[in-house]
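Residues per chain are reported as follows:
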Amino acid sequence: HYYSLSKLLGPNKAASGMTSNEARTIISSAITGIGSRGIGSNLNRVATAVVELNAASTAYVNEHDFDRMLPVLNGLGASNDSEGSWFDLSKARSGSECKDSMSSIAGP
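Residues numbered from 1 in each chain as written. Predicted model: local features only at pLDDT ≥ 70, side-chain atom pairs only at ≥ 80, totals over all residues. Heavy atoms only, no water.

A. Local environment of helix H2 (residues 21–35). Here H2 spans 21 Å end to end across 15 residues, near enough to the 21 Å set by a 1.5 Å rise per residue. All of the buried residues along H2 are Asn21, Arg24, Ile27, Ser28, Ile31, Ile34 and Gly35. Burial along H2 is one-sided: seen end-on, the buried residues are contained in an arc of 140°. Along H2, exposed side chains directed more than 90 degrees from the buried face belong to Glu22 and Ile26. (Helix = DSSP H or I, 4+ residues; strand = E, 2+ residues; numbered from the N terminus. Expected span 1.5 Å × (residues − 1). Buried < 20%, exposed > 50% of the residue type's maximum accessible area, 1.4 Å probe, protein only. Arc of directions from axis to C-beta.)

Rendered as structure tokens:
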């Protein structure tokens, strides 16, 4: 479910992704819920980044919260060995922790 939900947020092949801030917030919350099930810190870090990248402004209607969003975007573009970079966060998907987590979500 984690990967299916993630595909809704960004461009995926010909689909543009979700444009509604409310829907993006709900999907971000669902990803956070999956990541916070005690599965592992890497998925929690990815979920935190997703929430921050989809933060909505409390001062303006239908606007992003750039004060929360920009530090995460800058971190994603950092060098590969930096915490919060694309490469660093991608370890959550490719690591053995992720494989173990999927079995714990599926249950016995």
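B. Structural view of the environment of Gly33. Tracing the chain through its elements places Gly33 in helix H2. The class of Gly33 is partly exposed, set by a relative accessible area of 34%. Along the sequence, Gly33 and Ala47 sit 14 residues apart, while their C-alpha atoms lie 8.4 Å from each other.

C. Representation of the environment of His64 in the model. Mapped onto the secondary structure, His64 falls in the loop between helix H3 (41–53) and helix H4 (66–76). The exposure class of His64 is partly exposed, given its relative accessible area of 30%. In the structure, His64 is positioned 12 residues away from Glu52 in sequence and 9.8 Å away in space, judged by C-alpha atoms. In contact with His64, not counting residues within four places along its chain, are Asn21, Ala55, Ala56, Ser57 and Met69. (Contact = heavy atoms within 4.5 Å.)

D. Structural context of a nonpolar patch on the surface. A grouping of Phe66, Leu70 and Leu73 is seen on the molecular surface, where their side chains present a nonpolar patch of about 270 Å² in accessible area. One can find Leu70 in helix H4. (Patch = residues over 30% accessible without salt bridge, like charges linked within 9 Å, V, L, I, M, F, W, Y side chains within 5 Å. Areas by Shrake-Rupley, 256 points an atom, 1.4 Å probe, with all protein chains shown as cover. Salt bridge = Lys/Arg side-chain N within 4 Å of Asp/Glu carboxyl O.)

E. Quick look at the nonpolar core. By size, the foremost hydrophobic cluster in this structure holds 10 residues: Leu9, Ile27, Ile31, Val46, Ala47, Ala49, Val50, Val72, Leu76 and Leu89. Going through the elements one at a time, H2, H3 and H4 are the ones with two or more residues in this core. Here this core takes 4 residues from H3, the largest share from any one element. Not counting residues up to four positions away in its chain, the partners in contact with Val72 are Ala49, Glu52 and Leu53. (Core = buried A, V, L, I, M, F, W, Y, C linked by side-chain atoms within 4.5 Å.)

F. Representation of the side chain of Ser28 within the structure. Looking at the element boundaries, Ser28 is found in helix H2. A polar atom in the side chain of Ser28 sits 2.8 Å from the backbone oxygen of Arg24. Apart from residues no more than four positions distant in its own chain, Ser28 is found in contact with Leu9, Val50, Val51 and Asn54. (Polar contact = N/O pair within 3.5 Å; in protein donor to acceptor, adjacent residues only side chain to side chain.)

G. Quick peek at the side chain of Asn21. Locating Asn21 in the fold gives a position in helix H2. On the accessibility criterion, Asn21 (15% relative accessible area) is buried.

H. The confidence of the model for the chain, seen in detail. When pLDDT is averaged along the chain, the result is 75, and 76% of the positions lie at 70 or above. Mean pLDDT values for the elements of the chain range from 43 in helix H6 (residues 96–106) up to 89 in H4. (pLDDT = per-residue confidence, 0-100.)

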